[in-house]
Amino acid sequence: MAFDYEKFIRPGKLPHIWCPGCGHGIVMKGLIRAMDSLNLKKEETAIVSGIGCASRLPGYIDCCTLHTAHGRAAAFATGVKLAKPEMNVILVGGDGDGTAIGGNHFIHACRRNINMTYIIMNNYIYGMTGGQFSPCTPTGHKASTTPYGNPDPGFDVAKLAIGAGATFVARGTAFHANQIDKLIAEAIQHKGFSVVEILDDCPTTYGRRNKFKSVVEMMNRLKEVAVPVKAAEKMTAEQLQGKVLTGVLHKVERPEYCEEYAKVIERAGGNK
Ligand code: SF4
Ligand code: MG
């Protein structure tokens, strides 16, 4: 029997507003499948976002949701988790929202190791606001604000998260749709701050400027560059040139922030 996605959708919210060919809907389905596989209860699950095309996602899902200010998803989500540590807290957003305006919140959420999952949809551009370059736009690629090519090196979101202290980091792509739910489910089950970067496509503002003729061509590029971590172990540095590793890239254990904060409250005499 076909999976019934619509039972997880907030009544009356479909159709969504994403452009035809946008990868965000694929990620939303992956998140819904992950939530279903873990049997997460709607009233015990909060999805928090900032601003941007990707940040529209919580509006479609029928659970506790917060659509907050630009770049501030991690700050709001931290408040939710500290107030209600029993909640499953999932952040969603794009690369501009998460690594530029929200970059500081992102690295400090990684550092704190608070038990939440951050899904970053990286389509290499600010989609909603007109295709400006983001910290993830690759060098030389075009955006509305870099019409002659971006001079900056793009962030590697996974390395940034690992360097800042996230204890679970995974990467998938919108092309590999059937892996997204497994990566997200493993991230949600991890105790600590987990980051899932999904390489995504924005045909409207990124694709056409960078000479992708179709959504299929953009998807094929994701297929071609992605190498699962296990397969990469058997490849040479030369073969890995221009490739991107996918799968679970990093998983360690470290004290979790809510539990450490509870000890501080205890030392201070408890909640009076
Ligand atoms: Fe998706 Fe890009 Fe359209 Fe935004 S502008 S909905 S990111 S395709
Ligand atoms: Mg983006």
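Residues numbered from 1 in each chain as written. Chains lettered and ligands numbered in written order. Predicted model: local features only at pLDDT ≥ 70, side-chain atom pairs only at ≥ 80, totals over all residues. Heavy atoms only, no water.

Peer 1: When you look at the coordination of the magnesium ion (ligand 2) in this model, what are you seeing that I'm missing?
Peer 2: The expected angle between donors at a tetrahedral four-coordinate metal is 109.5 degrees. At an octahedral six-coordinate metal it is 90 or 180 degrees. For the magnesium ion (ligand 2), the full set of protein donor atoms is Asp 95 (OD), Asn 123 (OD1) and Ile 125 (O), and the range of their distances to it is 2.1 to 2.2 Å. Each donor residue of the magnesium ion (ligand 2) lies on one chain, and together they are spaced D-x27-N-x1-I. (Donors = N, O, S within 2.8 Å, 3.2 Å for Na, K, Ca; no water.)

Peer 1: Whenever I open this one, the pattern of salt bridges confuses me. Can you help?
Peer 2: Applying the stated criterion to the full structure yields eight salt bridges. For Glu 197, the salt bridge is made with Arg 171, and the minimal N-O distance between the two is 2.8 Å. Note that Glu 197 is positioned in strand β8 (residues 194-199) and Arg 171 in strand β7 (residues 168-173), a separation of 26 residues in sequence. For Arg 171, a relative accessible area of 5% gives the class buried. The salt bridge partner of Lys 263 is Glu 260, with a shortest N-O separation of 3.0 Å. (Salt bridge = Lys/Arg side-chain N within 4 Å of Asp/Glu carboxyl O. Helix = DSSP H or I, 4+ residues; strand = E, 2+ residues; numbered from the N terminus. Buried < 20%, exposed > 50% of the residue type's maximum accessible area, 1.4 Å probe, protein only.)

Peer 1: What exactly am I supposed to notice about the packing of helix α4 (residues 103-112) against helix α5 (residues 157-164) here?
Peer 2: To describe two helices that pack against each other, one gives the angle between their axes and the distance between the axes. At a closest axis distance of 7 Å, the pairing of α4 and α5 adopts a crossing angle of 50 degrees. With respect to α5, the element α4 is oriented oblique. Judged by residue contacts, Phe 106, Ile 107, Cys 110 and Arg 111 of α4 engage Val 157, Leu 160, Ala 161 and Ala 164 from α5. Looking at side-chain class alone, the contact of α4 with α5 contains seven nonpolar, no polar and one charged residues. (Axes fitted to C-alpha atoms, helices over the stretch in contact; angles between N-to-C directions. Parallel < 35°, antiparallel > 145°, perpendicular 65-115°, else oblique. Contact = heavy atoms within 4.5 Å. Nonpolar A, V, L, I, M, F, W, Y, C, P; charged D, E, K, R; others polar.)

Peer 1: What should I look at first to understand the packing of helix α2 (residues 73-83) against α4 in this one?
Peer 2: Between α2 and α4, the least distance of the axes is 8 Å, while the angle of their chain directions is 35 degrees. Contact residues: α2 offers Ala 74, Ala 75 and Thr 78, while α4 offers His 105, Phe 106, Ala 109 and Arg 112. Among the residues forming the contact of α2 with α4, the class breakdown is four nonpolar, two polar and one charged.

Peer 1: How should I be thinking about the packing of aromatic side chains in this particular structure?
Peer 2: Two measures describe an aromatic ring pair: the distance that separates the ring centres and the angle between the ring planes. Per the counting criterion, the structure on display carries five aromatic pairs. The interplanar angle of 40 degrees and the centroid separation of 5.5 Å between the aromatic rings of Tyr 124 and Tyr 206 together place this pair among those described as tilted. With a gap of 82 residues between them, Tyr 124 in the loop between β4 (117-122) and β5 (125-126) and Tyr 206 in helix α7 (residues 203-207) connect regions that are remote in the sequence. Residue classification places Tyr 124 among the buried positions, given a relative accessible area of 9%. An angle of 35 degrees between the planes, with centres 6.2 Å apart, marks the rings of Tyr 206 and Phe 212 as tilted. An aromatic cluster is present here, built from Tyr 124, Tyr 206 and Phe 212 joined pairwise through their rings. (Phe/Tyr/Trp six-rings, centres within 6.5 Å; stacked < 30°, edge-to-face > 60°.)

Peer 1: Whenever I open this one, the sheet that holds strand β2 (residues 64-67) confuses me. Can you help?
Peer 2: Across the sheet, which stays open at both edges, the eight strands sit in the order β2-β1-β3-β4-β8-β7-β10-β9 with mixed pairing between neighbours. The outermost strands of the open sheet, each flanked by one partner alone, are β2 and β9 (226-228). Each strand of the sheet is rotated relative to its neighbour by a mean of 20 degrees, with strand direction disregarded. Its contacts with the sheet place helix α8 (residues 215-225) against β7, β8, β9 and β10 (244-251), and it is angled at close to 35 degrees to β9. (Pairing = 2+ DSSP bridges.)

Peer 1: Looking at this model, I keep getting lost on the site of ligand 1. Mind explaining?
Peer 2: The environment of ligand 1 is formed by Trp 18, Cys 19, Cys 22, His 24, Cys 53, Asn 123, Gly 127, Cys 202, Pro 203 and Thr 204. By residue class, the composition of the shell around ligand 1 is six nonpolar, four polar and no charged. (Near = heavy atom within 4 Å.)

Peer 1: Explain unusual backbone geometry here, please?
Peer 2: It is generally the case that most residues other than glycine have a negative phi and that most peptide bonds are trans. With an omega of 5 degrees, the peptide bond between Leu 14 and Pro 15 qualifies as cis. You can see Pro 15 is positioned in the segment before α1 (24-37). Look at Tyr 124: it is not a glycine, yet its phi comes out positive at around 70 degrees. A positive phi is found at Lys 211, a non-glycine position, where the angle reads about 65 degrees. In this fold, Lys 211 is placed in the loop between α7 and α8.

Peer 1: Sorry, what's going on with the environment of Cys 64 here?
Peer 2: With respect to the helices and strands, Cys 64 occurs in strand β2. Sequence spacing of Cys 64 and Glu 43 is 21 residues, and the spatial spacing of their C-alpha atoms is 6.2 Å. In contact with Cys 64, not counting residues within four places along its chain, are Lys 42, Glu 43, Thr 45, Ala 46, Ile 47 and Met 87.

Peer 1: Help me understand the pairing of strand β1 (residues 45-49), please; the structure alone is not making it clear to me.
Peer 2: Remark: a regular strand shows side chains that alternate across the two faces of the sheet. Counting buried residues in β1 gives five out of five residues, a clear majority hidden from the surface. Residues of β1 alternate between two faces, with Thr 45, Ile 47 and Ser 49 on one and Ala 46 and Val 48 on the opposite face, all of them buried. Across four bridges, the pairing between β1 and β2 is parallel. In the strand pairing of β2, Val 48 is matched with Leu 66.

Peer 1: Quick question: what am I supposed to make of the environment of Met 28 here?
Peer 2: Inspection of the secondary structure assignment puts Met 28 in helix α1. Sequence separation between Met 28 and Pro 58 is 30 residues; the distance between their C-alpha atoms is 8.9 Å. When neighbours within four sequence positions are excluded, Met 28 is seen to be in contact with Ile 9, Trp 18, Leu 57, Tyr 60 and Ile 61.

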